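# Structural characterization, general
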Amino acid sequence: MEDFFIRNLEYLLTDLKPGVGAAFCVLENNIVSYEGSTELRDNNSIYQAELIAQFKAVEYSRVNYINEDITIFVDNKASILASINPKARNETARTIFTNLLEAQNIYLSWIKAHLNYFGNEQADYFAKQAIETSSNVSALMYPIPHLKRVLPKDLLTKWQNIWTDGDRGRSTYVIAPKVSFKSLHWNRKEILFFTNHRPFKIYFLHFKLAPSLFCSCGEIGYATSCIFTLSWDTKTPAIQLEDQWIKHVANNQLSRKKIKLIIKHIHEYEFLFKN
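Residues numbered from 1 in each chain as written. Predicted model: local features only at pLDDT ≥ 70, side-chain atom pairs only at ≥ 80, totals over all residues. Heavy atoms only, no water.

## Remarks on the overall build of the chain
Secondary structure assignment for the chain yields twelve helices and seven strands. Per-residue burial for the chain yields a buried fraction of 38% across its 275 residues. Considering only intrachain contacts with a sequence separation of at least 6, the fraction spanning at least 24 residues in the chain is 62%. Just so you have it, the chain exposes about 16,700 Å², and 56% of that area is on carbon and sulfur atoms. (Helix = DSSP H or I, 4+ residues; strand = E, 2+ residues; numbered from the N terminus. Buried < 20%, exposed > 50% of the residue type's maximum accessible area, 1.4 Å probe, protein only. Contact = heavy atoms within 4.5 Å. Areas by Shrake-Rupley, 256 points an atom, 1.4 Å probe, with all protein chains shown as cover.)

## Overview of the side chain of Thr 172
Its place among the elements puts Thr 172 in helix α6 (residues 170–175). Ignoring anything within four residues of it in the chain, the contact list for Thr 172 reads Trp 163, Trp 186, Phe 194 and Thr 195.

## A few points about the layout of surface pockets
Taken as a whole, the second largest pocket encloses approximately 580 Å³ of empty space. In this structure, the second largest pocket is lined by 18 residues; those nearest its centre are Gln 48, Arg 89, Asn 90, Glu 91 and Pro 143. Those elements that place two or more of their residues in the lining of the second largest pocket are α1 (46–64), α3 (91–102) and α5 (144–165). Counting residues per element, the lining of the second largest pocket draws most heavily on α1, at four residues. Partitioned by chemical class, the residues of the lining of the second largest pocket number eleven nonpolar, four polar and three charged. (1 Å grid on protein atoms, 1.4 Å probe; cavity = no way out; pocket = protein on both sides within 12 Å on 5 of 7 lines; lining within 4 Å. Points joined across faces, edges and corners; volume = space filled by probe spheres on them. Nonpolar A, V, L, I, M, F, W, Y, C, P; charged D, E, K, R; others polar.)

## What about helix α11 (residues 253–268)?
For α11, which comprises 16 residues, the first-to-last C-alpha distance of 23 Å matches the rise-based estimate of 22 Å (1.5 Å per residue) to within 8%. The distance from a side-chain oxygen at the start of α11 to the backbone nitrogen of Leu 254 is 3.0 Å, and the residue carrying that oxygen is Asn 252. (Expected span 1.5 Å × (residues − 1). Polar contact = N/O pair within 3.5 Å; in protein donor to acceptor, adjacent residues only side chain to side chain.)

## Section: the packing of α1 against α3
It is the contact of α1 with α3, at a shortest axis distance of 10 Å, that shows an interaxial angle of 25 degrees. The orientation of α1 relative to α3 falls into the category roughly parallel. Helix-helix and strand crossings are classified by hand; for α1 and α3 the assignment is left-handed. From α1, Leu 51, Ile 52, Gln 54, Phe 55, Val 58, Glu 59 and Arg 62 reach across to α3, where they touch Thr 92, Ala 93, Thr 95, Ile 96, Asn 99, Leu 100 and Glu 102. For the contact of α1 with α3, the residue count by class is seven nonpolar, four polar and three charged. (Axes fitted to C-alpha atoms, helices over the stretch in contact; angles between N-to-C directions. Parallel < 35°, antiparallel > 145°, perpendicular 65-115°, else oblique. Left-handed = near helix turned anticlockwise from the far one by under 90°.)

## Focus on α1
Along its 19 residues, α1 runs 27 Å from first to last C-alpha, staying within 8% of the 27 Å computed at 1.5 Å per residue. Listed as buried for α1 are Gln 48, Ala 49, Glu 50, Leu 51, Ile 52, Ala 53, Gln 54, Ala 57, Val 58, Tyr 60 and Ser 61.

## Here we look at the pattern of salt bridges
Applying the stated criterion to the full structure yields three salt bridges. Where Glu 59 meets Arg 62, a salt bridge forms, and the shortest distance between an N and an O atom there is 3.3 Å. Of the two residues, Glu 59 and Arg 62 both sit in helix α1, three residues apart, roughly one turn of that helix. Among the ionic pairs, Arg 256 bridges to Glu 190, the shortest N-O distance being 2.5 Å. Placement of the pair is Arg 256 in helix α11 and Glu 190 in helix α7 (residues 188–194), with a sequence separation of 66 residues. The exposure classification of Arg 256 matches that of Glu 190, with both residues buried. (Salt bridge = Lys/Arg side-chain N within 4 Å of Asp/Glu carboxyl O.)

## Some points on a nonpolar patch on the surface
Residues Leu 155, Trp 159 and Phe 181 make up a contiguous nonpolar surface patch of about 320 Å² in total accessible area. Topologically, Trp 159 is positioned in helix α5. (Patch = residues over 30% accessible without salt bridge, like charges linked within 9 Å, V, L, I, M, F, W, Y side chains within 5 Å.)

## Observations concerning the confidence of the model for the chain
With 73% of its residues at a pLDDT of 70 or more, the chain has an overall mean of 75. When mean pLDDT is compared element by element in the chain, α3 scores highest at 92, while strand β1 (residues 2–7) scores lowest at 38. (pLDDT = per-residue confidence, 0-100.)

## Observations regarding the packing of aromatic side chains
A full pass over the atoms with the stated rule returns three aromatic pairs. Residues Trp 163 and Tyr 173 carry aromatic rings whose centres are separated by 5.7 Å and whose planes lie at 65 degrees to one another, so their mutual orientation is edge-to-face. With Trp 163 in helix α5 and Tyr 173 in helix α6, the pair connects residues that are ten residues apart, well separated along the chain. Of the residues examined, Trp 163 reaches a relative accessible area of 19% and is grouped as buried. A cation sits over an aromatic face here: Lys 77 above Trp 110, 4.5 Å from the ring centre. Sitting above the plane of the Tyr 173 ring, Arg 170 keeps its charged end 4.5 Å from the centroid. (Phe/Tyr/Trp six-rings, centres within 6.5 Å; stacked < 30°, edge-to-face > 60°. Lys NZ or Arg CZ within 6 Å of the ring centre and 35° of its normal.)

So this is what it looks like as structure tokens:
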């Protein structure tokens, strides 16, 4: 994309390579009398590159053409609309607006792109040179869309490392080893079962609310082996198969329905399971 502005026989042209480089040059009688360029970081957006090119063009005009009318031709309407909007979200656009307000001799105007203007070709050359030399890099803030795309990925990576290397919540880790922003859609009863919280004896024992892991029937893990829950026909797996069993329960709707009924039963008749 190219931006440029013209003053009679003198041409001040700017050009940018989307997301990576921006440049402008002054032509007097088709001879380049001045050029300025900068490289943008790879993750900067095209929109930011367009605005930085406009900003540099306006700044150059304010210093060198104080008493002469300057029209800046830009081939991107969005950047023009942002530059003339005092409430624009982009800080560079607001700065351009302030500069234009102070310099009444500088104007913005839209022009069609890709019409092979000589000045554009010259500016394009300098933009490419800025990318290749990397001598002047503009440290612009990354755009919000980029941050929305990158930050969740970084957060998930750090979260996954903590979850994998942690020593807590291991019963839940067996079921959900991979972290995600998506809900598992567990209701309260399922959360109690899969995390070993109330009304299980292991929870009471942890907080010293029960003397042992055994319920009144003399068994451990009464949710599946107690005589008071036999009507739901949920058998306790062998120790070496516990992980596979809990995964199956978590991913099977019928098994989850049974678990919810068992937890409801234990809550309603909690006195039966206390010793």
